[in-house]
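Structure at a glance
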Amino acid sequence: MSGVGNETSFPRQQARTQRFTLGAPRNFTVAPDGSHVYFLRTAAATSRANGLWVFDTATGTERLLVDPNDLLTDPEDLSPEERARRERSREQAAGIVAYATDADFRQAVFALSGRLFVVELAGGAVRELPVPGSVLDPRLDPTGRRVGYVVGGALHVVDLESGEDRVLASPDGPDVTWGLAEFVAAEEMGRYRGYWFSPDGEHVLAARVDNAPVLRWHIADPANPATPAAEIAYPAAGTPNAEVSVHVLGVDGTSVEVEWDREAFPYLNTASWSSHGRPLLQVQSRDQRHVRVLAVDGGAVEVVADDTDPVWLEIVPGAPAWTPDGKLVQVLPRDGANTLVVGGESWTGPDLQVRSVVEVGEDVLVTASADDPTQVHVYRVTAEGAERLTTEPGVHAAARGGDTLVLSWSGLDHFGAKVRVGDHEIPSHAETPVLTPEVRLLTVGERNLRAALLFPRDHVKGTKLPVLLDPYGGPHAQRVLYARNAYLASQWLADQGFAVLVVDGRGTPGRGPEWERSIAFDFAGATLEDQVDALHAVAAQEEDLDLSRVAIRGWSYGGYLSALAVLRRPDVFHAGIAGAPVTDWRLYDTHYTERYLGHPDEKPEVYDTNSLIEDAPKLERPLMIVHGLADDNVVAAHTLRLSSALLAAGRPHTVLPLSGVTHMTPQEQVAENLLLLQVDFLKKSLA
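Note that the coordinates shown come from a computational prediction; the quantities given were computed from them, not determined experimentally.

Here we look at the overall build of the protein
Scanning the protein for helices and strands turns up 12 helices and 44 strands. The C-alpha radius of gyration computed for the protein amounts to 25 Å, which stays within 12% of the reference 26 Å derived for 687 residues, consistent with globular compactness. Overall size of the protein, expressed as C-alpha extent along the three principal axes, is 70 × 60 × 55 Å. Taking all 687 residues of the protein together, the buried fraction comes to 56%. Counting contacts in the protein only where the partners sit at least 6 residues apart, residues at least 24 apart contribute 59% of the total. Accessible surface, the protein: about 26700 Å² in total, of which carbon and sulfur atoms supply 49%. With 60 positive and 95 negative side-chain charges, the protein shows a separation of 5 Å between the mean positions of the two kinds.

A few points about the pattern of salt bridges
Opposite charge on two side chains permits pairing when their charged atoms draw close. According to the stated counting rule, one finds 46 salt bridges in the structure shown. The residue Arg569 makes a salt bridge to Asp571 at a minimum N-O spacing of 2.9 Å. Using a relative accessible area of 28% as the deciding quantity, one classes Arg569 as partly exposed. Within this structure, Glu446, Arg447, Arg506, Glu529, Asp530 and Asp533 form a network of salt bridges that share partners.

A look at empty space enclosed by the protein
Going through the model one piece at a time under the given rule, you end up with 3 cavities of 30 Å³ or more. Roughly 160 Å³ of internal volume is contained in the largest cavity. Gln282, Glu314, Val316, Val331 and Leu332 are, among the 16 residues lining the largest cavity, the residues nearest its centre. Secondary structure elements with two or more residues in the lining of the largest cavity: β23 (290–297) and β26 (328–334).

Digging into the pairing of β23
As judged from the 5 bridges shared by strand β22 (residues 280–284) and β23, these two strands associate in the antiparallel manner. Bridge pairing in β23 places Leu280 opposite Ala295. In textbook terms, the turn of a hairpin is the stretch between consecutive antiparallel strands, and for β22 and β23 this stretch comprises 5 residues, one of which, Gln288, has a positive phi near 65 degrees. Bridge count for β23 against strand β24 (residues 300–308) is 8 bridges, and the pairing is antiparallel. Each residue of the ladder has a partner; that of Val293, found in β24, is Ala305. The hairpin turn running from β23 into β24, its antiparallel successor, is 2 residues long, and Gly298 in that turn takes a positive phi close to 65 degrees.

Describing the layout of surface pockets
Space left empty within the atom packing is revealed by a probe, the size of a water molecule, rolled over the atoms. Considering only enclosed or pocket space, the second largest pocket measures out at about 280 Å³ in volume. Contributing to the lining of the second largest pocket are 14 residues, with Asn241, Ala242, Glu243, Arg262 and Pro266 lying nearest its centre.

A closer look at unusual backbone geometry
Between Ala319 and the following residue, Pro320, the backbone shows a cis peptide bond with an omega angle of 0 degrees. Its place among the elements puts Pro320 in the loop between β24 and β25 (321–322). Despite not being glycine, Gln288 has its phi angle at roughly 65 degrees, a positive value. Assignment of secondary structure puts Gln288 in the loop between β22 and β23. Relative accessible area serves as the criterion here: at 1%, Gln288 is assigned to the buried category. Residues other than glycine seldom take positive phi values, yet Ser556 does so here, at roughly 65 degrees. Among the structural elements, Ser556 can be located in the loop between β41 (545–555) and α8 (557–568). Overall, Ser556 belongs to the buried group, its relative accessible area being 13%.

Structural notes on the sheet that holds strand β43 (residues 623–628)
Read from one edge to the other, the open sheet built from 8 strands follows the order β37-β38-β40-β39-β41-β42-β43-β44, with strand pairing classed as mixed. Edge positions in the sheet fall to β37 (439–444) and β44 (654–658), since each has one partner strand and no second. Within the sheet, the average angular offset between the axes of one strand and its neighbour, ignoring direction, is 20 degrees. Inspection of the sheet shows strand β38 (residues 449–454) paired to strand β40 (residues 499–504) by 5 bridges, in the antiparallel sense. Its bridge partner lying in β40, Arg450 is registered against Asp504. Along the sheet face, α8 touches β41, β42 (575–579) and β43 and points at about 140 degrees away from the line of β41. The sheet strands contacting helix α12 (residues 668–686) are β39 (465–469), β41, β42, β43 and β44, and the helix crosses β41 at an angle near 150 degrees.

Here's the deal with the UniProt feature "domain: Dipeptidylpeptidase IV N-terminal" (unreviewed entry) in the protein
UniProt feature "domain: Dipeptidylpeptidase IV N-terminal" (unreviewed entry): in the numbering of this structure it lies at residues 96–413. End C-alpha to end C-alpha, residues 96–413 measures 31 Å, and it is 2% helix and 49% strand.

Notes on the packing of aromatic side chains
If you walk through the whole model with that rule in mind, you get 21 aromatic pairs. Relative to Phe197, the ring of Tyr195 has its centre 6.1 Å away and its plane inclined at 80 degrees; by these criteria the two rings are edge-to-face. Pair check on accessibility: Tyr195 and Phe197 agree, each one buried. Seen in terms of ring centroids, Phe523 and Tyr557 are 5.3 Å apart; in terms of plane orientation they differ by 85 degrees. Their pairing is edge-to-face. Within this pair, whereas Phe523 is found in helix α7 (residues 523–541), its partner Tyr557 is found in helix α8, the two being separated by 34 residues in sequence. Given the relative accessible area of 2%, Tyr557 is considered buried. Aromatic rings pair up to connect Trp312, Tyr472, Phe523, Tyr557, Tyr560, Trp585, Tyr588, Tyr592 and Tyr596 into one cluster. The residue whose ring lies beneath Arg41 is Trp53, and the NZ or CZ to ring-centre distance is 4.1 Å.

Rules and cut-offs
- Residues numbered from 1 in each chain as written.
- Predicted model: local features only at pLDDT ≥ 70, side-chain atom pairs only at ≥ 80, totals over all residues.
- Heavy atoms only, no water.
- Helix = DSSP H or I, 4+ residues; strand = E, 2+ residues; numbered from the N terminus.
- Rg over C-alpha atoms; globule rule 2.2 N^0.38 Å.
- Buried < 20%, exposed > 50% of the residue type's maximum accessible area, 1.4 Å probe, protein only.
- Contact = heavy atoms within 4.5 Å.
- Areas by Shrake-Rupley, 256 points an atom, 1.4 Å probe, with all protein chains shown as cover.
- Lys, Arg positive; Asp, Glu negative; His and termini not counted.
- Charge placed at Lys NZ, Arg CZ, Asp CG, Glu CD.
- Salt bridge = Lys/Arg side-chain N within 4 Å of Asp/Glu carboxyl O.
- 1 Å grid on protein atoms, 1.4 Å probe; cavity = no way out; pocket = protein on both sides within 12 Å on 5 of 7 lines; lining within 4 Å.
- Points joined across faces, edges and corners; volume = space filled by probe spheres on them.
- Pairing = 2+ DSSP bridges.
- Axes fitted to C-alpha atoms, helices over the stretch in contact; angles between N-to-C directions.
- UniProt positions renumbered as here; feature names shortened; annotations may be inferred.
- Phe/Tyr/Trp six-rings, centres within 6.5 Å; stacked < 30°, edge-to-face > 60°.
- Lys NZ or Arg CZ within 6 Å of the ring centre and 35° of its normal.

Structure follows, in structure tokens:
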């Protein structure tokens, strides 16, 4: 394992900088008058503690508004609830990881080690508010008079002038929480919140979650047998979900439950309460083929949109929402595209795949892909059409306040993301990688699969190379993007003597509803077939690819795909590394799994076909399975059950258990050495 302990090696650098995210600006919000931009950033490339910064858009100057090191002298101390919240959002940083402002941007609130702080944005004065426990998700009401937060499952509101702390809702049972997102909402729906203030600050729309019906699983720490196992409520496919209701709570103590058919629509996808109109809820049937948008008036609701799809309907960030003149903004599958729909009318056409709604005003700001799914651009959309605001090729994101637009741009010609505000740039402190990817983006095969090919930087043409596929390959994520940092690890792997191929197959975002839905009931067939087809198509063009030595590696869905590849296509794949793989889809969560495979009671044959346990006797290639024992998303039982079946069938394999590691691998030495061990395994397996 050459490179262990080398401070200048790429594996050590990538681990130390958390994949080069430390020091990069993030979490942008823009004051309504556009005068200032607020954001989070660590002070250096190896510091984990984010501070709150402010950028003056007129002068192009910035200053550190809140330094977490001035407020906390002890190491960060997070409650189990906060750790779980960060795991759901894949948050690896420390310090201030989130903040919330009032409507006029006079103040902001944030939590540090469960303590609650308020900062005056004009002068930077910070004060701590006394709270009766470890705070979760603090938020200012839009008027700036009160702060909401959750402690011990109870939703509190504290008056900033009087200091009066009032409990708006308390758990009425051991499994009940108020104001927090349930597991599947945070893990699969992108909803991390559980309460929303009214524009006047007098009411709160709050989710009540009852986890009593949910199965209890236990995550143990085998390396520390004296430590009790952690109990989690995990809604596995086909089993009961948490029961979620919504209530309108008055700061004066009133409470009204919002009434809708929760049996027919058990999922609360999104909620919002803007100054433009009544609060909005988007609710969804369990099979995800039927979605309703509800406008709330006290406890009553009006159905303002009722949409169905024969396969499923996607949840799109930023939608639904109201326009200032009361039109409903949605993103729906129309004419072969994910279309922006305003007031029932399509505002984008079949040539644009809308990915998110950024901001709604007199126009609608969105991110979308056109003919190239590897690129994401920012568009200003009106009833007259869509105007692209970003010109450079790459992956773009945006934030807006007034007439000020913050644009973030990642491309193949620079590291990380460049952040621009008008003529100014907000600098990044992220470390520069010790290697520069040399990547070729390809479109291959009869399905025009998007792929990225990387050779060793010292490759001599005519020299045959073993091939390493490095995919994610499943829905809701892309690996093939027009962004340099996406290929750093792939280039390092290539430099170890491989031709590395990254392929996005059917189900990946950016190519429209038909493409995304073509994996329905067929994870194993469609996604594996696309990897094989892309490999053969690229090899037909590149004679240096040695198809007698082909390996595949991946994490999460990519881990599933890697194990699937060596089990079912040993004629193509000669070794595999499966990181945190789902091996039995009955053990994965409801909202994700049932969307793609249906309910296991209704389609047991689909689950059998797409799971791996029964394939264990087929293994004839080297397989390394890696799993974090503290993983509460893809639990270690997936790996243990496959390993047990392989052992019972007499099939040799390697299992690498990671003690104390979750679905992420943030620990520096673990992340570094894991990469080195994989290369060692691949070289021996393909030799």
